[in-house]
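Each chain, letter by letter, is given below.
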Amino acid sequence: MKVSGKAVVFGDNVNTDVIIPSKYLTLLDPVQIAQHAMEGLDPSFPEKAKNGVIIVAGRNFGCGSSREQAPIALKYAGVRCVLAESFARIFYRNAINIGLPVLESPHIRSEVDEGDVLTVTLEEGKVENETKGCVIAALKLPRFILEILEDGGLIEHLKKKGVKAP
Amino acid sequence: MNIAEKILAAASGREEVKPGEIVEAKVDMAMANEITGPLAIQAFKKIGAPRVWDRRRIVLVLDHQVPADSVRSAELHKIMRTFAKEQRIPLLYDIGYGGVCHQVMVEKGHVKPGKLIVGADSHTCTYGALGAFGTGIGSTEMAGVFATGEIWLRVPSTIRIDLSGSFLTCVAPKDVILYVIGKIGADGATYKAIEFTGTAIHKISVSGRMTLCNMTVEMGAKTGIISPDEVSLAYVESRTDESFMLIGSDSDAVYEKTLAVDIEKIEPQVACPHAVDNVKPVKEVEGVEINQAFIGSCTNGRLEDLKIAAKFLKGKKIAKGVRLIVTPASQEIYLQALQHGLLEVFVKSGAYVCNPTCGACFGGHMGLLASGEVCISSSNRNFVGRMGSPEAEIYLASPATVAASALAGKIVDPRRFSED
Ligand code: SF4
């Protein structure tokens, strides 16, 4: 799987309350949720993201609550992939489960500036910075996580596997 | 093995597990509230499984926006109720019967030692207070659990926090956990488990242990856990007749590292804006003027917390210009507070007592802050915008520090009030 887009850069500890503030958690429609993506940090984000972007961030991206509305907001706002130095674990799982690719890349921030065009090859854990002409390593995803992403998320994946009620 | 490893081994039918291994584990209990539940229910329907895996192992709680503040919230509540009915799930805690989800799980006997419990809420790690492996998951993953009763988990490595000594006056488990978060950092335990051990642990009540385990997620931890002892077993036995396996850490269990903490050296602490690990002794930030104070949440909304706050507030008035919101964490605690005369103390002091709800804690439907306002809160997160305006500031502290600060109108060390 390959994804590409322009980089939007954030810092450390971007938490789920800024990704989607609590007051929007009563929304159920992903498109409406996405209108408030990153509102706590940058209200212009949905406008920026609408043609497809890749988020580049520092440590502990997605810390805080278990709200799945956070990766949903990003995905439906146009985020194609999140590259961060590290992720909070619930956000990480949620992103995979809803089919938003997330890759850990320890040095990503020193190699990417806002607006750089990136292409990510998920199977290989490879990030190409086309603007700067360099390649940045990311940690490879285990096979079963790639399968969930390839199927488009956990629901599609379980359907494909044919879940039987035990 | 340590307790976290043993529980995951038991849940995945293995003799032994090691940190880093991925296991397919069977879940003992699954919990969702009305913020995460409706998405899980939507996703469950998409999977197409006709029935949940075990209708008696699912707990549904209405707590975040109760009673419904808007039609949108009311619709979410309805989705939860309808699902419970369709699937014949008996453990639906509607308003009037429950309270904040984690408090409900513990006090209604759904948390037992040695169990693997997943909750669609990050503070599910609270259940380690009773020796269960509790961990937070998202809604889609919960849909998978609803359908299959199973989940994949990576076995975490464990950081041990070894507690010794006794508490100084006006120091509580909240101060200990804030101190520990300050040392380990907001991402210092990501993907890991935190186990509390040591001689001091046996002196801490179940309520205090819940405070400790509750905030382990603020360091990124997958779970916070304490091996069962007489204190936790007595509590569990008073709450349930069901059987459970007694699992504790072996004496030769392996830890990634150990942080030794002498409680006697800990003074009242406060986490300053806008990070939970921005922790300082209260005395260093004394004098910061406040607009709102909040006592409640799954961190510090229990009877013990309300009793401490009432001790400070008894016969006094909170400072002019400050509003104090008190939210008992559950209907049961509400009743106990009433019976102990605490609610009268709060009301007479000028505090505003609300129904059990998450409410002010997460800036949902009530108790929100305006721009430029400052709040001191007994809850667990002080992120930008957590309790309302992104231009408000939140300080986290113990119920004693919050109550003392409400009286003073500014942040104060509670020891200033302790003599009178
Ligand atoms: S009280 Fe606060 S932290 Fe606890 S479950 Fe409710 S919103 Fe979350």
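Refer to the structure above for everything that follows.
Residues numbered from 1 in each chain as written. Chains lettered and ligands numbered in written order. Predicted model: local features only at pLDDT ≥ 70, side-chain atom pairs only at ≥ 80, totals over all residues. Heavy atoms only, no water.

Visitor: Would you take a moment to explain the packing of aromatic side chains for this structure?
Guide: The geometry of an aromatic ring pair comes down to the distance between the two centres and the angle between the two planes. On inspection of all chains with the given rule, the structure shows ten aromatic pairs over all chains. Ring geometry for A:F61 against A:F91: centres 5.3 Å apart, planes inclined by 80 degrees, an arrangement best described as edge-to-face. Taken together, the positions of A:F61 in the loop between β2 (53-57) and α4 (69-77) and A:F91 in helix α5 (residues 89-97) put the pair 30 residues apart, joining distant regions of the chain. Across the pair, A:F91 and A:F61 agree in class, each one buried. Here the aromatic rings of A:F144 and B:W152 are separated by 5.0 Å at their centres, their planes lie at 80 degrees, and the arrangement is edge-to-face. Residue A:F144 is located in helix α7 (residues 143-151), and its partner B:W152 is located in strand β7 (residues 150-154); the two belong to separate chains. Since its relative accessible area comes to 28%, A:F144 is described here as partly exposed. Site record: aromatic cluster; members linked through ring pairs are A:F61, A:F87, A:F91, A:Y92 and B:Y191. The residue whose ring lies beneath A:R93 is B:W152, and the NZ or CZ to ring-centre distance is 3.9 Å. (Phe/Tyr/Trp six-rings, centres within 6.5 Å; stacked < 30°, edge-to-face > 60°. Helix = DSSP H or I, 4+ residues; strand = E, 2+ residues; numbered from the N terminus. Buried < 20%, exposed > 50% of the residue type's maximum accessible area, 1.4 Å probe, protein only. Lys NZ or Arg CZ within 6 Å of the ring centre and 35° of its normal.)

Visitor: Sorry, what's going on with the interface of chain B and chain A here?
Guide: You'll often see interface size given as the accessible area lost when the parts meet. With 45 residues of chain B at the interface, the matching set in chain A holds 40 residues. Along the contact surface separating chain B from chain A lie three salt bridges. The salt bridge involving B:E141 is made with A:R93; its shortest N-O contact spans 2.8 Å. Residue assignment for the side of chain B that touches chain A shows that the elements contributing at least two residues are α2 (37-47), α3 (71-86), β6 (133-136), α5 (139-148) and β7 of chain B. It is α5(B) that provides the largest number of residues to the side of chain B that touches chain A, a total of seven residues. (Contact = heavy atoms within 4.5 Å. Salt bridge = Lys/Arg side-chain N within 4 Å of Asp/Glu carboxyl O.)

Visitor: Would you mind showing me how to read the nonpolar core here?
Guide: Considering soluble globular proteins, one finds that nonpolar side chains tend to be buried as a cluster. Ranked by size, the top nonpolar core spans 109 residues in total, and within it A:F45, A:I55, A:F61, A:L74, A:L83 and B:F146 carry the most contacts. Here this core spans two domains, since at least three of its residues come from each of domain 1 (3-261) and domain 2 (269-419) of chain B. When sequence neighbours within four positions are dropped, the list of residues in contact with A:F61 reads A:V14, A:I19, A:M38, A:I55, A:L74, A:V82, A:A84, A:S86, A:F87, A:A88 and A:F91. Counting residues in hydrophobic clusters, the runner-up holds 63 residues, among them B:I159, B:L163, B:M210 and B:L369. (Core = buried A, V, L, I, M, F, W, Y, C linked by side-chain atoms within 4.5 Å. Domains from an automatic or database assignment.)

Visitor: So what exactly am I meant to see when it comes to the packing of helix α8 (residues 154-161) of chain A against α2(B) here?
Guide: Two quantities define a packed helix pair, namely the angle between the helix axes and the distance between the axes. Put simply, α8(A) and α2(B) touch, their axes get as near as 9 Å, and they point 30 degrees apart. Considering the angle they form, α8(A) stands roughly parallel to α2(B). Judged by the twist between their axes, the crossing of α8(A) over α2(B) is right-handed. Touching A:I155, A:L158 and A:K159 of α8(A) are B:A43, B:K46 and B:I47, all from α2(B). Residues that form the contact of α8(A) with α2(B) fall into these classes: four nonpolar, no polar and two charged. (Axes fitted to C-alpha atoms, helices over the stretch in contact; angles between N-to-C directions. Parallel < 35°, antiparallel > 145°, perpendicular 65-115°, else oblique. Left-handed = near helix turned anticlockwise from the far one by under 90°. Nonpolar A, V, L, I, M, F, W, Y, C, P; charged D, E, K, R; others polar.)

Visitor: Honestly, the environment of B:F383 in this entry has me stumped. Any pointers?
Guide: Tracing the chain through its elements places B:F383 in the loop between β17 (374-377) and β18 (393-396). Setting aside residues up to four positions removed in sequence, B:F383 forms contacts with A:N15, A:D17, A:C63, A:G64, B:E218, B:H274, B:V276 and B:I394.

Visitor: Hey, could you run me through the site of the ligand in this one?
Guide: Residues and elements named next belong to chain B. Surrounding the ligand, one finds H64, V100, H102, D121, H123, S297, C298, C358, C361, F362, N380 and R386. Taken together, the residues that form the shell around the ligand break down as five nonpolar, five polar and two charged. Counting contributing residues, the shell around the ligand receives three or more from each of domain 1 (3-261) and domain 2 (269-419). (Near = heavy atom within 4 Å.)

Visitor: Honestly, the state of the cysteines in this entry has me stumped. Any pointers?
Guide: Covalently bonding the sulfur atom of one cysteine to the sulfur atom of another cysteine gives a disulfide. Residue and element names in this part refer to chain A. Tallied over the full model, the rule gives zero disulfides over all chains. Looking at the unpaired C81, the closest cysteine sulfur is the one in C134, lying at 16 Å. Residue classification places C81 among the buried positions, given a relative accessible area of 0%. (Disulfide = S-S within 2.5 Å.)

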